[in-house]
Amino acid sequence: MKRQQLIGITLAGLAGMIPLGAIANRSAIAQTSMDLNTLRSIALSQHNTYRRTHRSPDMTLDNELNDTAQRWAEYLAANAVFEHSSRSQRNNAGENLYVSYTTAPSISADTLGKEAVTNWYNEVSNYDYANPGFSGETGHFTQVVWKESTQLGCGVAQGRATLDGTNFNAFYVVCHYAPAGNMMGDFPNNVLQP
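Residues numbered from 1 in each chain as written. Predicted model: local features only at pLDDT ≥ 70, side-chain atom pairs only at ≥ 80, totals over all residues. Heavy atoms only, no water.

Before going further, it helps to spend a moment on the overall build of the chain. Per the secondary structure count, the chain includes five helices and seven strands. Its helices and strands taken in sequence order, the chain reads β-β-β-α-β-α-β-α-α-β-β-α from the N to the C terminus. When burial is assessed residue by residue, the chain has 48% of its 194 residues classed as buried. A fraction of 74% describes how many contacts in the chain between residues 6 or more apart in sequence connect residues 24 or more apart. (Helix = DSSP H or I, 4+ residues; strand = E, 2+ residues; numbered from the N terminus. Buried < 20%, exposed > 50% of the residue type's maximum accessible area, 1.4 Å probe, protein only. Contact = heavy atoms within 4.5 Å.)

Put into structure tokens, the structure is as follows:
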């Protein structure tokens with residue numbers, strides 16, 4: 001049985017999952033009306049709160065990572081796609097992606113920053129500390145708390161998407177991490193049990 005890739009979304013305030021194939025209409029506006037400073041500050045704070053639970057040092061914001069993350073968020077919004085950038089496009093940084101779909105005209109930067117990081121972190125419930133390693137079900141969580149990743153950059157852009165015939169505003173959040181996490185063999189020393 002072929003497994004279908006899913007993405008986390010928020011539809012009019014309700015969290016859910018939608019198959020990637022259900023996203024139609026690639027028209028997008030690719031604009032950023034969000035307060036980037038607020039989103040970045042909230043995302044950093046959320047990361048550091050979760051990282052402290054796992055005995056990882058606080059991260060700091062990095063302008064270069066902010067720039068590469070912002071460029072990729074704008075690309076995703078302009079093209080109505082949900083895919084990772086290449087390692088060279090992000091200068092070998094790690095990457096987490098999130099998209100929120102809503103019929104509302106906007107979403108607050110602090111809400112979006114919290115939602116994205118919380119969504120990534122919630123994969124913790126699937127992580128097996130007795131068998132540490134990479135899994136597609138926990139890769140966002142492990143990057144958030146990865147002990148050796150000490151720098152963070154985030155970006156956000158707004159696009160449009162049509163899902164099952166309904167038009168949505170799509171808010172893409174991208175965070176880049178340096179040094180990159182999820183390195184094979186390094187999980188026991190970087191993803192610490194609370």
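Keep in mind that low pLDDT regions are not for reading the predicted coordinates in detail. With 83% of its residues at a pLDDT of 70 or more, the chain has an overall mean of 87. Across residues 1-31, confidence stays below pLDDT 50; counting only partners more than four residues off in sequence or on other chains, it has 78 contacts. (pLDDT = per-residue confidence, 0-100.)

Side-chain pairs of opposite charge can arise whenever the charged atoms involved come near each other. Counted according to the given criterion, the structure contains two salt bridges. Between Asp 58 and Arg 52 there is a salt bridge, with its nearest N and O atoms 2.9 Å apart. A relative accessible area of 38% places Asp 58 in the partly exposed class. (Salt bridge = Lys/Arg side-chain N within 4 Å of Asp/Glu carboxyl O.)

Next up on the list: the state of the cysteines. Applying the stated criterion across every chain, the model contains one disulfide. Between the sulfur of Cys 154 and that of Cys 175 lies a disulfide, 2.2 Å long from S to S. Between Cys 154 and Cys 175, the S-S dihedral sits near 100°, and the bridge is therefore right-handed. Linking Cys 154 in strand E6 (residues 151-163) with Cys 175 in strand E7 (residues 166-178), this pair joins segments that are 21 residues apart in sequence. (Disulfide = S-S within 2.5 Å.)

It is worth spelling out the packing of aromatic side chains at this point. One pass over the full model with this rule turns up seven aromatic pairs. Between Tyr 101 and Phe 168, the ring centres sit 6.4 Å apart and the planes meet at 70°, which makes this aromatic pair edge-to-face. With a gap of 67 residues between them, Tyr 101 in strand E5 (residues 94-102) and Phe 168 in strand E7 connect regions that are remote in the sequence. Taking 4.9 Å as the distance between ring centres and 85° as the angle between the ring planes, the aromatic pair formed by Trp 146 and Phe 187 counts as edge-to-face. In this pair, Trp 146 is assigned in the loop between helix H4 (139-145) and E6 and Phe 187 in helix H5 (residues 187-190), connecting sequence segments 41 residues apart. Each member of the pair, Trp 146 as well as Phe 187, is classed as buried. Taken together through their ring pairs, the aromatic side chains of Tyr 50, Tyr 121, Tyr 127, Tyr 129 and Phe 141 make up a single cluster. (Phe/Tyr/Trp six-rings, centres within 6.5 Å; stacked < 30°, edge-to-face > 60°.)

With that out of the way, let us pick up the nonpolar core. In this structure, Leu 112, Trp 120 and Val 173 are the most contacted members of the largest nonpolar core, which totals 28 residues. With six residues, helix H3 (residues 109-121) is the single largest residue contributor to this core. Those residues in contact with Trp 120, other than ones at most four positions away along the chain, are His 47, Asn 96, Leu 97, Tyr 98, His 140, Phe 141, Val 144, Val 173, Cys 175 and Tyr 177. Of all hydrophobic cores here, the second largest spans 18 residues; its members include Ala 77, Val 99, Tyr 101 and Ala 170. (Core = buried A, V, L, I, M, F, W, Y, C linked by side-chain atoms within 4.5 Å.)

As for its placement among the helices and strands, Asn 190 is situated in helix H5. Separated by 3.5 Å, the side chains of Asn 190 and Trp 146 make a polar contact. For Asn 190, the side chain forms a polar contact with the main-chain nitrogen of Glu 148, separated by 2.9 Å. In contact with Asn 190, other than residues within four places in its own chain, are Ser 56, Val 145, Trp 146, Lys 147 and Glu 148. (Polar contact = N/O pair within 3.5 Å; in protein donor to acceptor, adjacent residues only side chain to side chain.)

Before going further, it helps to spend a moment on the environment of Asn 122. Positionally, Asn 122 belongs in the loop between H3 and H4. In this structure, the C-alpha to C-alpha distance between Asn 122 and Phe 141, residues 19 residues apart in sequence, is 6.9 Å.

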